[in-house]
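Residues per chain, in single letters:
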Amino acid sequence: MSSENPTFQDLFKSENDIPEEYKVPTIHQREYLLNGELIQWNGDVTEIYSPICIPTENGLQRKLLGSIPNITAKEAMDVLEASVKAYDNGLGEWPTMSVEARIKCMQKFVYLMIQQRDLVIKLLMWEIGKTLPDSTKEFDRTVDYINLTIDALKDLDRESSRFKEAEGTIAQIRRAPLGVVLSMGPFNYPLNEIFTTLIPALIMGNTILFKLPKHGVLAHYPLLKAFQEAFPKGTVNTLYGKGSEIITPIMESGKVNVLAFIGSSKVANGLKKLHPKVNRLRAILSLDAKNAAIVTKHANIDVAVSECILGALSFNGQRCTALKLIFVQKEVAEEFTQKLSTAVSAMKAGLPWEKDVKITPLPEVNKPPYLKECIEDALAKGAKVLNENGGYNEASFVFPAVVYPVNDQMKLYHEEQFGPIIPIVPFDDISEPIDYQVNANHGMQVSIFSEDPVETSKLIDAFVNLVSRVNINCQAQRGPDVFPFTGRKDSAEGTLSVFDALRSFSIRSLVAAKITESNKTLLNSIVRDHDSNFLSTDYIF
Ligand code: G3H
């Protein structure tokens, strides 16, 4: 853990050495979106700093990117009331609008969003340190997600547009909104993760209280106007400030119908408990995970090494789906750890826009000391850092550490490090990693590396009932976004995929009548004259 390694001497650059094309203007945001208006805020603000440091006379300093409103509980309640009013017990303009008209609003939003692509991508790089290819992918994947959501809703609507008959009753069954949705997401995918709940919730006719993430907040600034212009007033309202001050009274009001939260189970539990009407609150949650990789003696070691690096170190290990603990069978442990350490040592560190850079500075101020603490705990209990420069730290930057051998006495065995450390546990029998998952509090995904069909089958059959996705000879991941994304135990509540999210943020509602001549005449007349937005046989093209 030397601090004098020459490899990293030029990691942080002076402002003059940052290419013009990647610079961003300082943004002092003073507006928040309330009831269709960008309200000017004159109160307290929070400064936003980049994980990217600039060398100064006083050493390395995180670059100031701008500031955001720090609204109080009073304004937060105004924001809540705007969402409640826009929903109006389901009678508001947005929840009663036809699906076709809601889709048109969403298409306008996505059109306006694409105009801001370059700035949002640059802000993602500066605010959370995500590389240029990954920031670009986050933006483009989000646009694809919105377009896929529109297509999925068209399909859903087409299926619901015909009447069904049973036992002398005729009915039309559609999905209807749930009410006011509080949408909160994490810093690691500040755009994508939030939009994977916010967009389906919105398009299903709910109104939205959008609490911006702590890091990645300015990346949403260029999109505020798009929300304002594309949707009826009050449909989307934004919240900036300390969660404990502004979210607590909102939850305590009992007026939130759905909590869409991506973060820790501890925070999610606390929020749910604040709601006075527990049966009324629905929760769509994506929470803790410490996905394991299992490399057996029958694995293709080269495949295991390259996939474990992708799984453990993409975006510096700051993904809920990251591989955070690797089990390796003792017969192949030496070969695997050597190849892995060599490959990790060769990873290029630098600033997000630099070519081929894979390891970048970390946004959370307390993360480097926490990672150091995890490594020191493992070293004190008998592990070693295997790779050159492993754990090297300078300001917000930490070079990945391959830590071996890890055991169940160490923090790294149990805690979700959410950062660039690869803890490796040697094992004799495949029952050992199964026991790990049985005893874990989380159950999101696992990656199995083996080319033996009998062994792979045994592991598949054990893990499908312990986690929600078993990856064979590849890293853990959320995508493709049309696949279900969920977890067991403390890892999730509800399921998100393009299609599942539309279901999660809606409830089936049906209109039913006895099949009589007068009812047939009545229903035919309503449908023919387009009197109802709900009861309709229109086919959306
Ligand atoms: O942090 C959780 C993300 O949803 C993971 O998405 O597996 O596609 O990187 P990803």
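**Student:** An account of the pattern of salt bridges is requested, with residue identities and associated values reported.
**Tutor:** Oppositely charged side chains can form a pair if their charged atoms are brought close together. Across all of its chains, the model carries 25 salt bridges by this definition. Notably, a salt bridge pairs D155 with R158, separated by 3.1 Å at the nearest N-O pair. Of this pair, D155 and R158 both sit in helix α5 (residues 132-160), three residues apart, which is roughly one turn of that helix. Given the relative accessible area of 40%, D155 is considered partly exposed. In this structure, E493 engages K272 in a salt bridge whose closest nitrogen and oxygen atoms are separated by 2.7 Å. Here E493, found in strand β24 (residues 492-493), pairs with K272, found in helix α9 (residues 265-274); they are 221 residues apart in sequence, far enough to count as distant. Using a relative accessible area of 25% as the deciding quantity, one classes K272 as partly exposed.

**Student:** Could you give me a rundown of the packing of α5 against helix α6 (residues 192-203), with the residues and numbers involved?
**Tutor:** If you want to describe how two helices pack, look at the angle between their axes and the distance between the axes. Contact pair α5 / α6: the axes reach a minimum separation of 10 Å and the direction vectors enclose 20°. Between α5 and α6, the interaxial angle falls into the category roughly parallel. Regarding α5 and α6, the two cross each other, and that crossing is right-handed. Residues E138, R141, T142, Y145, I146, T149, I150 and L153 of α5 form the contact with α6, whose participating residues are N192, F195, T196, I199, P200 and I203. Taken together, the residues that form the contact of α5 with α6 break down as eight nonpolar, four polar and two charged.

**Student:** Describe α9, and please don't skip the residues or the numbers.
**Tutor:** Those residues of α9 that sit buried are S265, A268 and L271. The buried residues of α9 occupy an angular sector of 125° when the element is viewed end-on, so they sit on one face. Exposed residues lying more than 90 degrees from the buried face of α9 are K266 and K273. Those residues of α9 hidden inside the fold are in contact with β8 (180-184), α8 (243-252), β11 (258-262) and β12 (282-286).

What counts, and at which threshold
- Residues numbered from 1 in each chain as written.
- Predicted model: local features only at pLDDT ≥ 70, side-chain atom pairs only at ≥ 80, totals over all residues.
- Heavy atoms only, no water.
- Salt bridge = Lys/Arg side-chain N within 4 Å of Asp/Glu carboxyl O.
- Helix = DSSP H or I, 4+ residues; strand = E, 2+ residues; numbered from the N terminus.
- Buried < 20%, exposed > 50% of the residue type's maximum accessible area, 1.4 Å probe, protein only.
- Axes fitted to C-alpha atoms, helices over the stretch in contact; angles between N-to-C directions.
- Parallel < 35°, antiparallel > 145°, perpendicular 65-115°, else oblique.
- Left-handed = near helix turned anticlockwise from the far one by under 90°.
- Contact = heavy atoms within 4.5 Å.
- Nonpolar A, V, L, I, M, F, W, Y, C, P; charged D, E, K, R; others polar.
- Arc of directions from axis to C-beta.

In short, geometric facts, not functional conclusions.
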